[in-house]
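Residue-level structure breakdown
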Amino acid sequence: MPADPNQRSTHDAEDDPRNADLMLYVDGSIVHRSQAVVSVYDAGFMLGDGVWEGLRLYNGRWAFLGEHLDRLFEAAKAIDLDIGKSAAELKDALDATAAANAMRDNAHARLMVTRGVKAKPFQDPRLSRTGPTVVIIMEHSAPSADTADRGLRLHTVPIVRGLPVTQDPKLNSHSKLNCILAGIHAIKAGADEALMLDPHGFVNTTNSCNFFIVRRGEVWTSTGDYCMNGITRRKVIEVCRADGIPAFERNFSLVDTYGADEAFITGTFGGQTRVAEIDGRAIGDGAPGPVTRRIRGLYKALVARDTA
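Below: a short report on this structure. As the structure is a computational prediction, the values presented were derived from the model and not from experiment.

Observations concerning the overall build of the protein chain
Counting its secondary structure elements, the protein chain contains nine helices and 15 strands. Its C-alpha atoms give the protein chain a radius of gyration of 19 Å, near enough to 19 Å, the size a compact globule of 308 residues would have. With the C-alpha coordinates of the protein chain rotated into their principal frame, the extents come out at 55 × 40 × 40 Å. Long-range pairs, those at least 24 residues apart, make up 72% of the contacts in the protein chain with a sequence separation of at least 6. Element-wise, carbon and sulfur atoms account for 53% of the exposed surface of the protein chain, whose accessible area totals about 14600 Å². Side chains of the protein chain give 36 positive and 39 negative charges; the mean places of these two sets differ by 1 Å.

Next comes the structure, spelled out in structure tokens:
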């Protein structure tokens with residue numbers, strides 16, 4: 001899909017020439033990105049059969065590392081995947097990859113675990129017989145100041161986050177086609193990202209991040225029943241309540257959303273990113289609102305304490 005210079009992405013980062021020469025982790029070895037390969041028989045490549053976590057490095061430490069690894073192991077258990085490594089071993093792999101790239105700040109890691117190489121190209125999980133594949137992609141990655149200043153434009157799409165009986169949207173799996181199709185729909189409509197509803201028509205999440213609105217000083221987000229319950233999402237709710245900002249996990253509609261005073265999305269990569277427009281309706285006055293700015297400050301302080 002050709003890039004439109006007028007469109008932005010949730011994961012826009014400042015250009016960094018060091019990313020052309022990265023060292024990545026592949027199954028126990030740290031290799032140059034040009035040599036970081038997996039088999040075409042790998043279950044992750046072939047079927048999206050795997051789980052992953054995104055992490056950020058601050059001051060040489062991974063923010064909220066314990067919670068990220070807990071979620072990874074929980075997801076692996078849900079799909080009956082033995083990671084084959086302990087949490088301590090995964091931390092060592094993350095730290096070794098960061099050291100190989102001389103990274104201490106503004107670094108983003110994607111830690112991926114698949115069911116591994118299959119004996120035949122079919123979906124039966126028993127065909128993965130050699131153990132899991134573990135890969136860490138790590139990049140120098142400072143969020144784009146231009147995107148943060150301009151804010152994101154969202155477009156509500158007809159593709160919903162589904163019921164847990166199909167594929168539980170709380171599961172951080174490699175199978176992201178539902179979200180990718182939603183993103184394509186939004187991009188084709190000229191927006192930056194998709195706003196997705198739940199099966200009942202309530203506002204839920206974007207195709208890649210959790211979604212919040214601010215109305216009359218109150219912070220609202222979805223119930224969490226049909227979206228990835230992001231760690232940044234949870235931290236925003238926690239810092240709001242600790243600082244006296246009313247924060248609610250509740251059902252709300254597009255009507256509530258269009259009338260919001262502020263809106264923002266949350267994720268490990270960007271923290272909190274302002275939403276400037278939804279379905280052609282301007283949100284706020286063109287600048288980050290006072291509640292969003294306050295939450296950014298509270299979250300930044302929380303990260304600093306966690307990585308001190």
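What to know about the side chain of E262
Within the element layout of this structure, E262 appears in strand β13 (residues 262–267). Of the buried charged residues, E262 lacks a salt bridge, with R293 as the closest side chain of opposite charge at 6.9 Å. Reaching out from E262, the side chain makes a polar contact with the side chain of T292 at a distance of 2.6 Å. Contact partners of E262, with chain neighbours within four places excluded, come to I213, V214, I283, G289, P290, V291 and T292.

Comments concerning the sheet that holds strand β5 (residues 107–114)
In spatial order, the strands read β2-β1-β6-β5-β3-β4; together these six strands make up an open sheet with antiparallel pairing. Since the sheet does not close on itself, it has two edges, and those belong to β2 (29–32) and β4 (61–62), each with one partner. With eight bridges joining them, β5 and strand β6 (residues 133–140) adopt antiparallel strand pairing. In the strand pairing of β6, R110 is matched with I137.

Points about unusual backbone geometry
Not every positive phi belongs to a glycine, and D27 is a case in point at roughly 50 degrees. In this structure D27 comes out as partly exposed when scored by relative accessible area, which is 43%. Although it is not a glycine, D279 sits at a positive phi angle of roughly 50 degrees. Its location among the elements puts D279 in the loop between β14 (271–278) and β15 (281–282).

A few points about the packing of aromatic side chains
In total, this model carries three aromatic pairs according to the counting rule given. Taking 5.0 Å as the distance between ring centres and 5 degrees as the angle between the ring planes, the aromatic pair formed by F212 and F264 counts as stacked. With F212 in strand β10 (residues 210–215) and F264 in strand β13, this pair connects stretches of sequence that are 52 residues apart. Ring geometry for W220 and F252: centres 5.9 Å apart, planes at 55 degrees, overall tilted. Here F252 lies in the loop between β12 (247–249) and α8 (254–258) and W220 lies in strand β11 (residues 218–221), a separation of 32 residues in the sequence. Grouping residues by exposure puts W220 and F252 together as buried. The ring of W52 carries R110 above its face, with NZ or CZ at 3.6 Å from the centroid.

Focus on the layout of surface pockets
Approximately 480 Å³ is the volume found for the second largest pocket. Along its surface, the second largest pocket is lined by 20 residues, and P143, F269, G270, G271 and Q272 are the ones closest to its centre. Listing elements by their share of the lining of the second largest pocket, those giving two or more residues are β3 (50–58), α4 (145–150), β14 and α9 (290–306). Ranked by residue count, the leading element in the lining of the second largest pocket is α9, at five residues. Taken together, the residues that form the lining of the second largest pocket break down as six nonpolar, nine polar and five charged.

Definitions and limits used
Residues numbered from 1 in each chain as written. Predicted model: local features only at pLDDT ≥ 70, side-chain atom pairs only at ≥ 80, totals over all residues. Heavy atoms only, no water. Helix = DSSP H or I, 4+ residues; strand = E, 2+ residues; numbered from the N terminus. Rg over C-alpha atoms; globule rule 2.2 N^0.38 Å. Contact = heavy atoms within 4.5 Å. Areas by Shrake-Rupley, 256 points an atom, 1.4 Å probe, with all protein chains shown as cover. Lys, Arg positive; Asp, Glu negative; His and termini not counted. Charge placed at Lys NZ, Arg CZ, Asp CG, Glu CD. Buried < 20%, exposed > 50% of the residue type's maximum accessible area, 1.4 Å probe, protein only. Salt bridge = Lys/Arg side-chain N within 4 Å of Asp/Glu carboxyl O. Polar contact = N/O pair within 3.5 Å; in protein donor to acceptor, adjacent residues only side chain to side chain. Pairing = 2+ DSSP bridges. Phe/Tyr/Trp six-rings, centres within 6.5 Å; stacked < 30°, edge-to-face > 60°. Lys NZ or Arg CZ within 6 Å of the ring centre and 35° of its normal. 1 Å grid on protein atoms, 1.4 Å probe; cavity = no way out; pocket = protein on both sides within 12 Å on 5 of 7 lines; lining within 4 Å. Points joined across faces, edges and corners; volume = space filled by probe spheres on them. Nonpolar A, V, L, I, M, F, W, Y, C, P; charged D, E, K, R; others polar.

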